[in-house]
Amino acid sequence: MSNVRDHQRTQPAIRFKGFTDAWEKSTFYDSIIKIQTGTNLLGDQDNIGIPLLKMGNLQRGYFTLDKLERLDGEAEPENLVKQGDFLFNTRNTLELVGKGATWMGKSGVIAFNSNIARFSFKDINTVFFNYLYNTSQLLAQVHSRAVGTTSVAAVYPKDLMSVFFFLPSIQEQEQIGDLLSQLDNLIAVNQRKGDVLQNLKKGLLQRLFASETSPIPDIRFKGFTDAWEKRKLGEVATITMGQSPDSKNYTLNPQDHILVQGNADIKNGWVEPRVWTTQITKIAKKGSVLLSVRAPVGEVSKTAFDVVLGRGVASVGQTDFLYQYLITLKINGFWLRYSTGSTFDSINSADIKDAIIFLPEKNEQSRIAKTLNCIDNLIAATQRKGEVLKNLKKALLQKMFV
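The paragraphs below set out a description of the structure included in this document. (Residues numbered from 1 in each chain as written. Predicted model: local features only at pLDDT ≥ 70, side-chain atom pairs only at ≥ 80, totals over all residues. Heavy atoms only, no water.)

## Digging into the pattern of salt bridges
Here is step 1 of the chain: On inspection of all chains with the given rule, the structure shows 15 salt bridges.
Here is step 2 of the chain: Between D354 and K232 there is a salt bridge, with the nearest N and O atoms lying 3.9 Å from each other. Here the residue D354 occupies a position in helix α7 (residues 349-354), and K232 occupies one in strand β15 (residues 229-232), the gap between them amounting to 122 residues.
Here is step 3 of the chain: A residue is classified by how much of its surface remains accessible, and D354, at 40% relative accessible area, is partly exposed.
Here is step 4 of the chain: Residues E299 and K330 are paired through a salt bridge, measuring 3.5 Å at the closest nitrogen-oxygen approach. (Salt bridge = Lys/Arg side-chain N within 4 Å of Asp/Glu carboxyl O. Helix = DSSP H or I, 4+ residues; strand = E, 2+ residues; numbered from the N terminus. Buried < 20%, exposed > 50% of the residue type's maximum accessible area, 1.4 Å probe, protein only.)

Listed below in structure tokens is the structure:
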């Protein structure tokens, strides 16, 4: 008599219109036609041969191609990746072993090495399987079959044969795979847009501000020609160094005072409440510019709340121009000249107050700040859209699979 559990049928929470059949339970043993490992030839970044996929290039559901090695020699045709191949990482650390993804690039332009296995399936769309494989339920089964140490582990394809999953018809697989791949494309496009905006801002920061080596900036708005004035930071901004409350007064109660201890309390350039305190030491008002004074030194952020300052940060005025200027100083490594400490770097109150900066007149400060703030708003909107898309994908992965 067959095992009833082996023929279990079930359905996901969300389905495309027109699909009502239950998903069928299957295993790797039922679905795999062929398993093949890649070439034993070695790769090196100095070689000029065909690119080589290694275990570090294979991630969970995608590939990273920024540090590809190349083969010293010609790969055999069976070691070349074809579009739609599902590749599986047989060796890595215990945490990362078993990563799998479907190759959606061109066929025959890249090889894979012997730590990667290629699976050939029957009745499975590999774009769909890319998402199915990387669900938490399936990955947990794969990791449970890993052997080795924390630093060197392996998952042998033969040990995957009992890993089970649920499959719909090939037509439904294709629709699910197409939807999720389109969503991934939107996420990638949005990420590229964010990268362009980040690079645009970085370029403007380098050219809109004067410095010790360039007292007149490369780019100026029309109508502004006066030289920038050399000043000490402490002369133009109120500096408040942080002082940590007693740890016994820390809480997780949002009704208490928000505590900013350092970069752990900052996200995307803004304070994100994480720890609260009942003890007030030093205060920064809403809208203040914050500067990290302990490793990493010089990180810049803003606060949308009144906050208590711990010893890892200082408040440095409240102007948008100064906020953008301090980001430029960080990029240029300005604070490294003051940074001290054998265990971790730090700067003190005198370092900050005596730091030399260059200031234009108020109207030019305003124009520069408004321009850079506009780019910041576009970057923030792009990041929010990215989070929405990623959360949508996460929800679909939970609802569209069994």
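Moving on from the model shown.
## Quick notes on the side chain of D265
Here is step 1 of the chain: With respect to the helices, strands and loops of the structure, D265 is situated in the loop between β18 (257-260) and β19 (266-267).
Here is step 2 of the chain: Among the polar contacts listed, one links the side chain of D265 to the backbone nitrogen of Q261, at a separation of 2.7 Å. (Polar contact = N/O pair within 3.5 Å; in protein donor to acceptor, adjacent residues only side chain to side chain.)

## Focus: the nonpolar core
Here is step 1 of the chain: Among the nonpolar cores identified, the biggest contains 40 residues, and F209, L233, L326, W335 and I352 are the most heavily contacted of them.
Here is step 2 of the chain: When residues of this core are traced back to their parent elements, those giving at least two are α4 (170-208), β23 (289-292), β26 (313-316), α6 (320-331), β27 (356-359) and α8 (362-399).
Here is step 3 of the chain: A per-element tally of this core places α6 first, with seven residues.
Here is step 4 of the chain: Excluding residues that lie within four positions of it along the chain, L326 makes contacts with L233, V289, V300, V316 and W335.
Here is step 5 of the chain: Counting residues in hydrophobic clusters, the runner-up holds 35 residues, among them V127, V142, F165 and L389. (Core = buried A, V, L, I, M, F, W, Y, C linked by side-chain atoms within 4.5 Å. Contact = heavy atoms within 4.5 Å.)

## Structural notes on the packing of aromatic side chains
The relative placement of two aromatic rings is captured by the distance of their centres and the angle of their planes.
Here is step 1 of the chain: Per the stated rule, a full pass over the model turns up 25 aromatic pairs.
Here is step 2 of the chain: Relative to F119, the ring of F88 has its centre 5.4 Å away and its plane inclined at 20°; by these criteria the two rings are stacked. With F88 in strand β7 (residues 86-89) and F119 in strand β11 (residues 116-121), this residue pair connects regions lying 31 residues apart in the sequence.
Here is step 3 of the chain: Residue classification places F88 among the buried positions, given a relative accessible area of 0%. (Phe/Tyr/Trp six-rings, centres within 6.5 Å; stacked < 30°, edge-to-face > 60°.)

## Considerations on the sheet that holds strand β3 (residues 32-37)
Here is step 1 of the chain: Reading across the sheet, the four strands line up as β3-β11-β7-β9 and stay open at both edges, with antiparallel pairing between neighbours. Each end of this open sheet is capped by a strand with a single partner; those strands are β3 and β9 (100-102). Strand-to-strand twist in this sheet, taken as the mean axis angle between neighbours without regard to direction, amounts to 25°.
Here is step 2 of the chain: Note: β7 against β9, three bridges, orientation antiparallel. Opposite L87, over in β9, you have A101 as the bridge partner.
Here is step 3 of the chain: This element, helix α2 (residues 126-133), spans β7, β9 and β11 of the sheet and lies at about 155° to β9. (Pairing = 2+ DSSP bridges. Axes fitted to C-alpha atoms, helices over the stretch in contact; angles between N-to-C directions.)

## So, the packing of α4 against α6
Here is step 1 of the chain: It is the contact of α4 with α6, at a shortest axis distance of 10 Å, that shows an interaxial angle of 95°. With respect to α6, the axis of α4 lies roughly perpendicular. The segment α4 lies against α6, with K201, K202, L205 and Q206 engaging Q324, I327, T328 and I331.
Here is step 2 of the chain: Grouping the constituent residues of the contact of α4 with α6 by class yields three nonpolar, three polar and two charged. (Parallel < 35°, antiparallel > 145°, perpendicular 65-115°, else oblique. Nonpolar A, V, L, I, M, F, W, Y, C, P; charged D, E, K, R; others polar.)

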